[in-house]
Amino acid sequence: MPARVSARTARTLTAAAATAALAALAVVPAQATTVHRPGGERRPPAALYTPPANADANRQIVDLLRHGKLRDAAGVLAMTLTPQAVWYGDGTPAQVESSVRATVTDAARKHALPVLALYNIPGRDCAQYSAGGAANTAEYEAWIDAVRRGIGDRPATVILEPDSLALLPADCGADDAQGSLTAARYTEIHYAVEALEPLAGTKVYLDAGHSGWHSVNDIVPRLAEAGIADAGGFFLNISNYRSDSELAWYGKLISSCLAYTATGGAAADCPNQYWPVNDAQGWLDAHVHTAPSAMKHFVTDTSRNGQGPWTPPAGVYSDAQDWCNPPGRGLGARPTLTTGDPLADAKLWVKIPGESDGQCTRGTAGPNDPERGYPDPAAGAWFTQQALELVHDANPPLLPH
């Protein structure tokens, strides 16, 4: 049964909430960026879309206000008021069609561009923390068809299946001897590209992992096999922590290698992120002559990379899980469609900051996260302690000093 709040306390909390909200709104980025799209008579969206916040985030804000922690409340509020993706996974085709339609309609009404993260591939996350997804290819294709109907002719940016190409069934021992599940994965991704990219206002980006995972020479053939030639581009760093500069260089190398292979070159010849920068740039100057406007572009997830990746203590954990709720991370660059990089279409908050990666035990028996001394929330659940870390360690700062 909820505790009763006196009228005086309610007035105090309301005033505090207003103060916090004003402080937060003062630092939420003005969203006046124009999305340039060929064709069509409608004006392009002038902003990135901000979906409704996680209900537990709102509860955390109220709790912080009750305890007089106005700055923390303002920080979490500012975080939730920043544009971020809307995730879709599981659910029936009818359910996803209805939900997607509601999102893109609301965004269009606000003249905003929604970012839709689709996460329902069969064998999702190799049956780890975010296991699930469609049961088979036919079921997945029916689900994608429902997404297509839901989007219709309204603008949308699609982040198609995080980890789907960087974590193939063959990478985690989930495939059979014939590699049939990995082959199916490529078929499923290409089907989604062909279903969604032709929509009037939609641009589809494919999974390229991040700069601390696969080499350029490894990820480029995967992108090609999955249908990057028919897609808008690729995405980097979903739910991860690599720095903006590192991602920009990695993205440039991938874009350049894709352009090189499109003219008959071999991905194995391309420079990767481990080459000395001057050597790699010299190779690009000599071998890649495609204009940036004609190359595949990319977007990056900056929702939690403000402090860069976590360095686990040496020799402590058998599996440090540096990707899983690492301590001391901060919000990164605010979402924008103006990056100053001719190959980078956007910086986005794709991972919802404040939502847990899962119950991380770092190779121990658990159930505690040994870096925190208590169990982490389940994947996707609101993580109050991490939310505050992200706000406190944001780079650039979320709130004025």
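Residues numbered from 1 in each chain as written. Predicted model: local features only at pLDDT ≥ 70, side-chain atom pairs only at ≥ 80, totals over all residues. Heavy atoms only, no water.

1. A short note on the side chain of Asn120
Structurally, Asn120 is set in the loop between strand E4 (115-118) and helix H5 (137-151). Taking relative accessible area as the criterion, Asn120 reaches 3% and is therefore assigned buried. Polar side-chain contacts of Asn120 include one of 3.0 Å to the backbone nitrogen of Asp90. With sequence-adjacent residues up to four places away left out, Asn120 is seen in contact with Tyr88, Gly89, Asp90, Gly133, Ala134, Tyr140, Trp143 and Glu161. (Helix = DSSP H or I, 4+ residues; strand = E, 2+ residues; numbered from the N terminus. Buried < 20%, exposed > 50% of the residue type's maximum accessible area, 1.4 Å probe, protein only. Polar contact = N/O pair within 3.5 Å; in protein donor to acceptor, adjacent residues only side chain to side chain. Contact = heavy atoms within 4.5 Å.)

2. A few points about helix H4 (residues 93-109)
Across its 17 residues, H4 extends 24 Å between first and last C-alpha, which sits within 8% of the 24 Å expected from 1.5 Å per residue. Those residues of H4 lying buried are Val96, Glu97, Val100, Thr103, Val104, Asp106 and Ala107. Turning to H4, the residues buried within the fold contact strand E2 (86-88), strand E3 (112-113), E4, H5 and strand E5 (156-160). One or two positions beyond H4, positive phi appears at His111, with a value near 55 degrees. (Expected span 1.5 Å × (residues − 1).)

3. Topic: helix H8 (residues 244-262)
Over its 19 residues, H8 extends 27 Å from the first C-alpha to the last, a length consistent with the 27 Å expected when each residue adds 1.5 Å. Those residues of H8 not exposed but buried are Leu247, Trp249, Tyr250, Gly251, Leu253, Ile254, Ser255, Ser256, Cys257, Leu258, Ala259 and Tyr260. Buried positions along H8 lie against helix H7 (216-226), strand E7 (233-236), helix H9 (277-287) and strand E8 (297-301). Once H8 ends, the next one or two residues include Gly264, with phi positive near 105 degrees.

4. Quick notes on the packing of aromatic side chains
The geometry of an aromatic ring pair is captured by the separation of the ring centres together with the interplanar angle, meaning the angle of the planes. By the definition in use, this model includes five aromatic pairs. Where Tyr260 meets Trp283, the ring centres are 4.8 Å apart and the plane angle is 75 degrees; that geometry is what we call edge-to-face. With a gap of 23 residues between them, Tyr260 in helix H8 and Trp283 in helix H9 connect regions that are remote in the sequence. Under the relative-accessibility criterion, Trp283 is labelled buried at 11%. (Phe/Tyr/Trp six-rings, centres within 6.5 Å; stacked < 30°, edge-to-face > 60°.)

5. A few points about the pattern of salt bridges
Summed over the entire model, instances satisfying the criterion amount to 18 salt bridges. With its nearest N and O atoms 3.5 Å apart, the salt bridge here joins Arg222 to Asp218. Of the two residues, Arg222 and Asp218 are both situated in helix H7; the distance of four residues between them amounts to about one turn of the helix. The salt bridge partner of Asp369 is Arg362, with a shortest N-O separation of 2.9 Å. The buried category is assigned to Asp369, whose relative accessible area is 0%. The class for Arg362 is buried, based on a relative accessible area of 0%. Because the salt bridges share partners, they merge into one network encompassing Arg362, Asp369, Arg372, Asp376 and Glu389. (Salt bridge = Lys/Arg side-chain N within 4 Å of Asp/Glu carboxyl O.)

6. Notes on the state of the cysteines
By the definition in use, this model includes two disulfides. The partner cysteine of Cys324 in its disulfide is Cys360, sulfur to sulfur 1.9 Å. Between Cys324 and Cys360 the sulfur-sulfur dihedral comes to about -75 degrees; the bridge is accordingly left-handed. Of this pair, Cys324 sits in the loop between E8 and strand E9 (344-348) while Cys360 sits in the loop between E9 and helix H10 (384-392), placing them 36 residues apart in sequence. (Disulfide = S-S within 2.5 Å.)

7. Comments concerning the sheet that holds strand E6 (residues 202-207)
Strand order in this open sheet of seven strands is E2-E4-E5-E6-E7-E8-E9, and the pairing throughout is parallel. In this open sheet, the two strands that pair with only one neighbour each are E2 and E9. The sheet shows a mean angle of 25 degrees between the axes of neighbouring strands, direction not considered. Direction of pairing for E6 relative to E7: parallel, over a ladder of three bridges. If you follow Tyr205 over to E7, its bridge partner there is Gly233. (Pairing = 2+ DSSP bridges. Axes fitted to C-alpha atoms, helices over the stretch in contact; angles between N-to-C directions.)

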